[in-house]
Amino acid sequence: MAIETNGNGNGKVVLEVKNLHTYFFNRWGTVKAVDGVNFAVRQGETLGIVGESGCGKTMTALSLMRLNPKPASRIIDGEINLDGEDILRRSEKDMRDIRGRKISMILQDPQTSLNPVYTVGNQLIEALTHRREHAKDLKTEAEESLRSVRVAAPQRRLHDFPHQMSGGMKQRVVGAIAMACDPMVIIADEPTTALDVTIQLQYLRLLKDIQVETGMSIIFITHDFGIVARMCDRVVVMYAGRVVEEGPVRGIFNNPSHPYTEALIGSVPKLEERVERLYQIEGQPPALYDLPVGCRFAARCPHVKDKCLEEYPDNFDADENHTAACWRLDEIWDKLPSSSK
């Protein structure tokens, strides 16, 4: 698996998330969808957020946009420092101005994120109204936005409705809307899921080209380690609402230090190997309204020991700029008794 990186690990931090908690409240109790998440994104960097469905990736992204479902969920603690300012302290009116201009999001399914009764041009122009100044008229800017994402005949496409476009074309339009106001940070929530493999590759190359041209930062949410290898500079691995490992993409692939990360990478089929049965992670993630006291992966972990069941692990250094929340990295690991589980 070829690993490509942009190497932008030394730019200034444009987004820093500290101890973020987003909870749902329902009849089962408190659902800890995002439970103390920390990470930072630098200018021009691509950060991948990886994990199984239900681990908290999308809810983290929606929390960064302050679009988590209300009143079902609430951000109860933490900081989201965007360009040096904690946007959790800003009003909803202020957030309408921040979204699109400073931080924007490409949603997973363009079929549901584009309004079927408005033309592509109308929807692009609505996004462009967030800009402070307009050097040209909005229609010309909308045309240039489509041209920037390599849409052929952009002047004609402005008059098309979403149903007149292919899936790949609609995803480009969604990208154009998200990038219309030149935000510092783009959140791409599995934007290639609905695309076939050939169009996926074209779209990923397009995102990389635009990133090089504009210097924007990208948070790429995915469960596909192939995309991580191609797109990302650093990786955050999430499990049951928490970050269990974080590091440079090469470090994660060459030295996965949390058993969950090892299992995820092991689940990727290898073309050069013939196996009778593909590897799978046994068991299920814990219910987020009834979380265990210790490590949340302990029930599925082949290395579990008693301490794993009794106490959630600290973050330990696995390598340079590479940490994992696993007791195996602690010096006392070899002295711990094995679990009788």
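Note that the coordinates shown come from a computational prediction; the quantities given were computed from them, not determined experimentally. (Residues numbered from 1 in each chain as written. Predicted model: local features only at pLDDT ≥ 70, side-chain atom pairs only at ≥ 80, totals over all residues. Heavy atoms only, no water.)

K.L.:
Explain the environment of methionine 65 to me, and be specific about the residues and the numbers.
P.N.:
Within the element layout of this structure, methionine 65 appears in the loop between helix 1 (57-64) and strand 4 (73-82). For the pair methionine 65 and methionine 105, spaced 40 residues apart in the sequence, the C-alpha separation amounts to 7.9 Å. Residue contacts for methionine 65: discarding those within four places in its chain leaves Met95, Arg99, Ile103, Ser104, Met105 and Ile187. (Helix = DSSP H or I, 4+ residues; strand = E, 2+ residues; numbered from the N terminus. Contact = heavy atoms within 4.5 Å.)

K.L.:
Explain the pairing of strand 4 residue by residue, including any values.
P.N.:
Here eight bridges tie strand 1 (residues 13-26) to strand 4, and the two strands are oriented antiparallel to one another. Paired with phenylalanine 24 across the two strands is serine 73, which belongs to strand 4. As paired strands, strand 4 and strand 5 (residues 85-86) are joined by two bridges and run antiparallel to one another. Counted as the bridge partner of leucine 82 is glutamate 85 from strand 5. The turn linking strand 4 back onto strand 5 is made up of two residues, and aspartate 83 within it adopts a positive phi angle of 55°. (Pairing = 2+ DSSP bridges.)

K.L.:
Lay out the confidence of the model for the chain with the relevant residues and their values.
P.N.:
The predicted model of the chain has a mean per-residue pLDDT of 89, with 95% of residues at 70 or higher. Across the chain, element-level confidence peaks in strand 10 (residues 242-248) with a mean pLDDT of 97 and bottoms out in helix 3 (residues 110-113) with 82. (pLDDT = per-residue confidence, 0-100.)

K.L.:
Would you mind going over unusual backbone geometry in detail, with residue names and values included?
P.N.:
If a residue is not glycine, its phi is most likely negative; likewise, a peptide bond is most likely trans. In this chain, lysine 70 is followed by proline 71 through a cis amide linkage whose omega measures 5°. Relative to the helices and strands, proline 71 is located in the loop between helix 1 and strand 4. Within the chain, arginine 150 stands out as a residue other than glycine whose phi angle is a positive 65°. Residue placement: arginine 150 occurs in the loop between helix 5 (138-148) and helix 6 (154-157). Under the relative-accessibility criterion, arginine 150 is labelled partly exposed at 39%. The phi dihedral of aspartate 182 falls on the positive side, at around 55°, and the residue is not glycine. Along the polypeptide, aspartate 182 turns up in the loop between helix 7 (167-179) and strand 7 (185-189). (Buried < 20%, exposed > 50% of the residue type's maximum accessible area, 1.4 Å probe, protein only.)

K.L.:
Talk me through the pairing of strand 3 (residues 46-50); I want residue IDs and the actual numbers.
P.N.:
Across the five residues of strand 3, five count as buried, placing the element largely inside the fold. The two faces of strand 3 match: Thr46, Gly48 and Val50 on one face and Leu47 and Ile49 on the other face are all buried. Pairing geometry for strand 3 and strand 8 (residues 217-222), over five bridges, is parallel. Pairing of glycine 48 across the sheet is with phenylalanine 220, part of strand 8. In this structure, strand 3 lies alongside strand 9 (residues 234-239), joined through four bridges in parallel fashion. Directly across from isoleucine 49, in strand 9, lies its bridge partner valine 236.

K.L.:
Give a detailed account of the sheet that holds strand 10, specifying residues and quantitative values.
P.N.:
Spatially, eight strands are ordered 6-7-8-3-9-10-12-11 in an open sheet, and the strand pairing comes out mixed. Pairing within the sheet leaves two strands with one partner each, and these edge strands are strand 6 (103-106) and strand 11 (316-319). For this sheet, the mean inter-axis angle between neighbouring strands, taken without regard to orientation, is 25°. Pairing geometry for strand 7 and strand 8, over five bridges, is parallel. Within strand 8, the position partnered with isoleucine 186 by the bridge is isoleucine 218. Helix 1 rests against strand 3, strand 6, strand 7, strand 8 and strand 9 of the sheet, and its axis sits at about 150° to strand 8. (Axes fitted to C-alpha atoms, helices over the stretch in contact; angles between N-to-C directions.)

K.L.:
So, the packing of helix 4 (residues 120-128) against helix 7: which residues are in play, and what are the values?
P.N.:
Between helix 4 and helix 7, whose axes approach to 8 Å, the crossing angle comes to 20°. Comparing the axis directions of helix 4 and helix 7 gives the class roughly parallel. As for the relative orientation of helix 4 and helix 7, their crossing is right-handed in sense. Two secondary-structure elements touch here, helix 4 through Val120, Gln123, Leu124 and Ala127 and helix 7 through Val173, Ala176 and Ile177. A breakdown of the residues in the contact of helix 4 with helix 7 according to their chemical character gives six nonpolar, one polar and no charged. (Parallel < 35°, antiparallel > 145°, perpendicular 65-115°, else oblique. Left-handed = near helix turned anticlockwise from the far one by under 90°. Nonpolar A, V, L, I, M, F, W, Y, C, P; charged D, E, K, R; others polar.)

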